[in-house]
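# Fold and contact review
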Amino acid sequence: GNSVTQMEGPVTLSEEAFLTINCTYTATGYPSLFWYVQYPGEGLQLLLKATKADDKGSNKGFEATYRKETTSFHLEKGSVQVSDSAVYFCALSDQGNTPLVFGKGTRLSVIA
Amino acid sequence: ETGVTQSPTHLIKTRGQQVTLRCSSQSGHNTVSWYQQALGQGPQFIFQYYREEENGRGNFPPRFSGLQFPNYSSELNVNALELDDSALYLCASQEGPGELFFGEGSRLTVL
């Protein structure tokens with residue numbers, strides 16, 4: 001079945017550091033890929049998505065590129081801020097937007 | 001804020017009891033999905049409702065059941081609670097195949 005594997009956390013970075021959170025997937029067909037973010041005490045929010053190979057999703061300085069050849073969708077940001085501290089989830093869906101299959105999440109802490 | 005509201009935010013039950021969780025979807029959204037997020041894990045799909053009918057189900061036993069009402073709000077019912085049912089239960093609403101909007105969740109503790 002479909003699955004998502006993302007790097008274990010927690011990840012601790014200093015402000016303005018470069019961020020990469022790795023995500024790889026297993027799926028039949030051509031899934032849509034997503035990154036969701038969960039800030040403390042809040043629900044999940046869609047951060048970005050890509051629906052086909054080589055698409056790049058971007059939002060709030062975060063980017064991820066759909067790499068079919070490596071079945072990956074790594075999340076990157078050039079300069080993190082303290083406000084980026086949250087849990088990040090990689091997810092896929094092979095039916096548009098639902099149902100979503102999530103990775104286990106990666107907790108990011110950014111210190112000033 | 002997504003406009004998806006869930007209640008209660010926290011509750012404690014004992015093994016064998018039953019629980020009902022509620023979700024009010026964002027205005028205009030006719031599809032509701034429920035997810036279970038155990039501690040340290042990603043959310044897992046329980047089921048989805050579209051216009052009051054179950055429209056997909058994940059790998060959860062029949063003691064997990066749901067309802068969707070004409071106003072598109074929804075309930076998740078869990079019977080015969082087990083310790084492993086302790087988790088954050090997330091509701092998400094969407095309009096057709098559009099983006100999912102998640103509520104803040106109901107945290108259930110089973111003792």
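Report on the accompanying structure. (Residues numbered from 1 in each chain as written. Chains lettered and ligands numbered in written order. Predicted model: local features only at pLDDT ≥ 70, side-chain atom pairs only at ≥ 80, totals over all residues. Heavy atoms only, no water.)

Paired through backbone hydrogen bonds, the strands of a sheet run either parallel or antiparallel to each other. Residues and elements named next belong to chain B. On the basis of which strands lie adjacent, the open sheet formed by four strands has the order S1-S3-S8-S7 and antiparallel pairing. Edge strands, defined here as strands with exactly one partner in the open sheet, are strand S1 (5-7) and strand S7 (64-68). On average, adjacent strands in this sheet sit at an angle of 15° to one another, irrespective of strand direction. Relative to strand S8 (residues 74-78), S7 is paired through five bridges, and the arrangement is antiparallel. Paired with Ser-65 across the two strands is Asn-77, which belongs to S8. (Pairing = 2+ DSSP bridges. Helix = DSSP H or I, 4+ residues; strand = E, 2+ residues; numbered from the N terminus. Axes fitted to C-alpha atoms, helices over the stretch in contact; angles between N-to-C directions.)

A few words on the interface of chain A and chain B. In this assembly, 15 residues from chain A lie in contact with 19 residues from chain B. Between chain A and chain B, the buried area comes to about 1300 Å², and carbon and sulfur atoms account for 57% of it. Where chain A meets chain B, there are two residue pairs in polar contact (both at pLDDT 80 or more). Those elements that provide at least two residues to the side of chain A that touches chain B are strand S5 (32-38) and strand S6 (44-50) of chain A. (Contact = heavy atoms within 4.5 Å. Buried area = accessible area lost by both parts, 1.4 Å probe. Polar contact = N/O pair within 3.5 Å; in protein donor to acceptor, adjacent residues only side chain to side chain.)

This part covers the pairing of strand S7 (residues 56-59) of chain A. All names here are of chain A. Judged from the four bridges that link them, S7 and strand S8 (residues 62-65) form a sheet pairing that is antiparallel. Bridging from a neighbouring strand, Lys-56 pairs with Thr-65 of S8. Connecting S7 to the antiparallel partner S8 that follows it, the hairpin turn spans two residues, and Lys-60 within it adopts a positive phi of roughly 55°.

The next point concerns the side chain of Ser-74 of chain B. Residue and element names in this part refer to chain B. The topology assignment puts Ser-74 in strand S8. By relative accessible area, Ser-74 is classed as buried at 2%. Within polar-contact distance, the side chain of Ser-74 engages the backbone oxygen of Leu-67 at 2.8 Å. The contact partners of Ser-74, leaving out residues within four places of it in the chain, are Leu-21, Arg-22, Cys-23, Val-32, Trp-34, Leu-67, Gln-68 and Phe-69. (Buried < 20%, exposed > 50% of the residue type's maximum accessible area, 1.4 Å probe, protein only.)

What follows covers the state of the cysteines. All chains considered together, the criterion is met by two disulfides over all chains. Bridging Cys-23 of chain A to Cys-90 of chain A, the disulfide has an S-S length of 1.9 Å. Looking down the S-S bond of the Cys-23 of chain A and Cys-90 of chain A bridge, the torsion is -70°, so its handedness is left-handed. Pair noted here: Cys-23 of chain A is in strand S4 (residues 23-26) and Cys-90 of chain A is in strand S10 (residues 86-93), with a separation of 67 residues, a long-range link. The residues Cys-23 of chain A and Cys-90 of chain A share a single accessibility class, namely buried. Linked covalently through their sulfurs, Cys-23 of chain B and Cys-91 of chain B form a disulfide whose S-S length is 1.8 Å. What sets the handedness of the Cys-23 of chain B and Cys-91 of chain B disulfide is the S-S torsion sign, and at about -65° it is left-handed. Here the residue Cys-23 of chain B occupies a position in strand S3 (residues 19-24), and Cys-91 of chain B occupies one in strand S9 (residues 87-94), the gap between them amounting to 68 residues. For Cys-91 of chain B, a relative accessible area of 0% puts it in the buried group. (Disulfide = S-S within 2.5 Å.)

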